[in-house]
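Each chain, letter by letter, is given below.
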Amino acid sequence: AQSVTQLGSHVSVSEGALVLLRCNYSSSVPPYLFWYVQYPNQGLQLLLKYTSAATLVKGINGFEAEFKKSETSFHLTKPSAHMSDAAEYFCAVSDLSGNKLVFGAGTILRVKS
Amino acid sequence: NAGVTQTPKFQVLKTGQSMTLQCAQDMNHEYMSWYRQDPGMGLRLIHYSVGAGITDQGEVPNGYNVSRSTTEDFPLRLLSAAPSQTSVYFCASSSQTLSTEAFFGQGTRLTVV
């Protein structure tokens, strides 16, 4: 069964600093990979997805993620954090059938002024 | 478009009561799913449907029933609520499979006392 590990349940950065949220997955074949963001009291919103077209994926709000097969990682980055980035971020993987999304436990990002 | 609409937003049940969480989407999506979100555990798949009349179990189906009589609606039924079902429930839909973007509702916060 596929699984997703997000390192760090809480990450705190200063405004303007680099954001790095870590995600590792377990899968025998390259799956579909996603990052979703959840703002307080809202549903999840897609940030970006990897579907094998390119290893560096650009998403909304200046976020990007790099797929590294050798490390089974899909870390999320943003060069300069903004206060509005404060939210919970989820990494997810789907199997090849696309019928099931497996989510990581989530990382809460705090941005300090 | 309203997207994915969940009702109610909040609900308190007594142990043993039954209720139905409603989910409707107006995007003509074939795929719909239900997740529960618990602190530190991310989102876990309860049931999903790949089209009207077709449903299947996810990771944590026990205590929940679903049906899909129309493309638009995918209700989740709790037959006999238990405190362990206290959670935030999210409905999601996507055009085909989860290799495409999943659209989430705003969630239903359920407390079982």
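Predicted model, so just to flag it, every value in this text is computed and none were measured.

Quick notes on the rules
Counting from 1, residues in each chain are numbered in the order their sequence is written. Whichever chain is written first is A, and whichever ligand is written first is 1; the rest continue in order. In keeping with the predicted nature of the model, local features appear solely for residues at pLDDT of at least 70, side-chain atom pairs appear and are counted solely at 80 or more, and the whole-chain, interface and lining totals rest on all residues. The side-chain numbers reported here are obtained from all heavy atoms of the structure, hydrogens and water having been left aside. Only a pair of cysteine sulfur atoms within 2.5 Å qualifies as a disulfide here. We count a stretch as a helix when DSSP gives it H or I for four or more residues in a row; a strand needs E for two or more, and each element gets its number in order from the N terminus. Cavities and pockets were defined on a 1 Å grid built over protein atoms only: a cavity is a set of grid points that admits a 1.4 Å probe from which the probe cannot escape, a pocket is an open set flanked by protein on both sides within 12 Å along at least five of seven lines, and lining residues are those with an atom within 4 Å of any such point. Grid points are joined across faces, edges and corners, and a volume is the space filled by probe spheres set on the points. Each residue is assigned to one class: nonpolar for Ala, Val, Leu, Ile, Met, Phe, Trp, Tyr, Cys and Pro, charged for Asp, Glu, Lys and Arg, and polar for all the others, Gly among them. Should any heavy atoms of two residues lie within 4.5 Å, those residues are considered in contact. Buried area: the sum, over both parts, of the accessible surface (1.4 Å probe) that disappears when the two are put together. Any carboxyl oxygen of Asp or Glu that lies within 4 Å of a side-chain nitrogen of Lys or Arg is treated as forming a salt bridge with it. What qualifies as a polar contact is a pair of N or O atoms within 3.5 Å, subject to a donor-acceptor requirement within protein and to the restriction that residues adjacent in sequence count only when both atoms come from side chains. Here a Phe, Tyr or Trp ring, Trp counted by its six-membered ring, pairs with any other such ring whose centre lies within 6.5 Å, and the pair is stacked when the planes are under 30 degrees apart, edge-to-face when over 60, and tilted otherwise. Only protein chains enter the accessibility calculation, which uses a 1.4 Å probe; a residue whose area is less than 20% of its type maximum is buried, one above 50% is exposed, and one in between is partly exposed.

Quick look at the state of the cysteines now. Should the sulfur atoms of two cysteines be covalently bonded, the bond is a disulfide. Residue and element names in this part refer to chain B. Evaluated as defined, the whole model comprises two disulfides over all chains. Through a disulfide, cysteine 23 is tied to cysteine 91; the S-S separation comes to 1.9 Å. Because the sign of the S-S torsion sets the handedness, a value of about -70 degrees for the bond joining cysteine 23 and cysteine 91 places this disulfide among the left-handed ones. Separated by 68 residues along the polypeptide, cysteine 23 in strand β3 (residues 19–25) and cysteine 91 in strand β9 (residues 87–94) bring together distant segments of the chain.

Right, let's talk about the layout of surface pockets for a bit. The calculated volume of the largest pocket comes to roughly 520 Å³. As for the largest pocket, its lining consists of 26 residues, and the residues nearest its centre are A:Gln38, A:Asn41, B:Gln37, B:Val88 and B:Arg109. Breaking the lining of the largest pocket down by element, the ones donating at least two residues are β9 (87–94) of chain A together with β9 and β11 (108–112) of chain B. Among the residues making up the lining of the largest pocket, the classes are represented as 11 nonpolar, 11 polar and four charged.

Tallying the contact residues gives 22 residues for chain A and 22 residues for chain B. When chain A packs against chain B, the two sides together hide about 1,700 Å² of surface, and 55% of this comes from carbon and sulfur. Together, A:Leu44, A:Asn99 and A:Phe103 form the three largest contributors to the area buried by chain A at its contact with chain B, with a combined 28%. On the surface where chain A and chain B come into contact, there are zero salt bridges. Viewed at the interface, chain B and chain A are joined by two residue pairs in polar contact (both at pLDDT 80 or more). Of all elements in the fold, only β4 (32–38), β5 (44–50), β9 and β10 (101–103) of chain A reach the threshold of two or more residues within the side of chain A that touches chain B. With four residues, the top contributor of residues to the side of chain A that touches chain B is β4(A). Across the side of chain A that touches chain B, the residue classes tally to nine nonpolar, 10 polar and three charged.

Turning next to the packing of aromatic side chains. All names here are of chain A. Overall, the coordinates contain 13 aromatic pairs over all chains when judged by the stated rule. Look at tyrosine 50 and phenylalanine 74: their rings are 6.2 Å apart centre to centre, the planes differ by 55 degrees, and that puts the pair in the tilted class. Of the two residues, tyrosine 50 sits in strand β5 while phenylalanine 74 sits in strand β8 (residues 73–78), which places them 24 residues apart along the sequence. Its relative accessible area of 6% is what places tyrosine 50 among the buried residues.

This paragraph deals with the side chain of A:Thr107. Residues and elements named next belong to chain A. Within the secondary structure layout, threonine 107 lies in strand β11 (residues 107–112). Among the polar contacts made by the side chain of threonine 107, one reaches the main-chain carbonyl oxygen of glycine 8 at a distance of 2.8 Å. Residues within four places of threonine 107 in sequence aside, it is in contact with Gln6, Leu7, Gly8, Ser9, His10, Val11, Leu21, Ala87, Glu88 and Tyr89.

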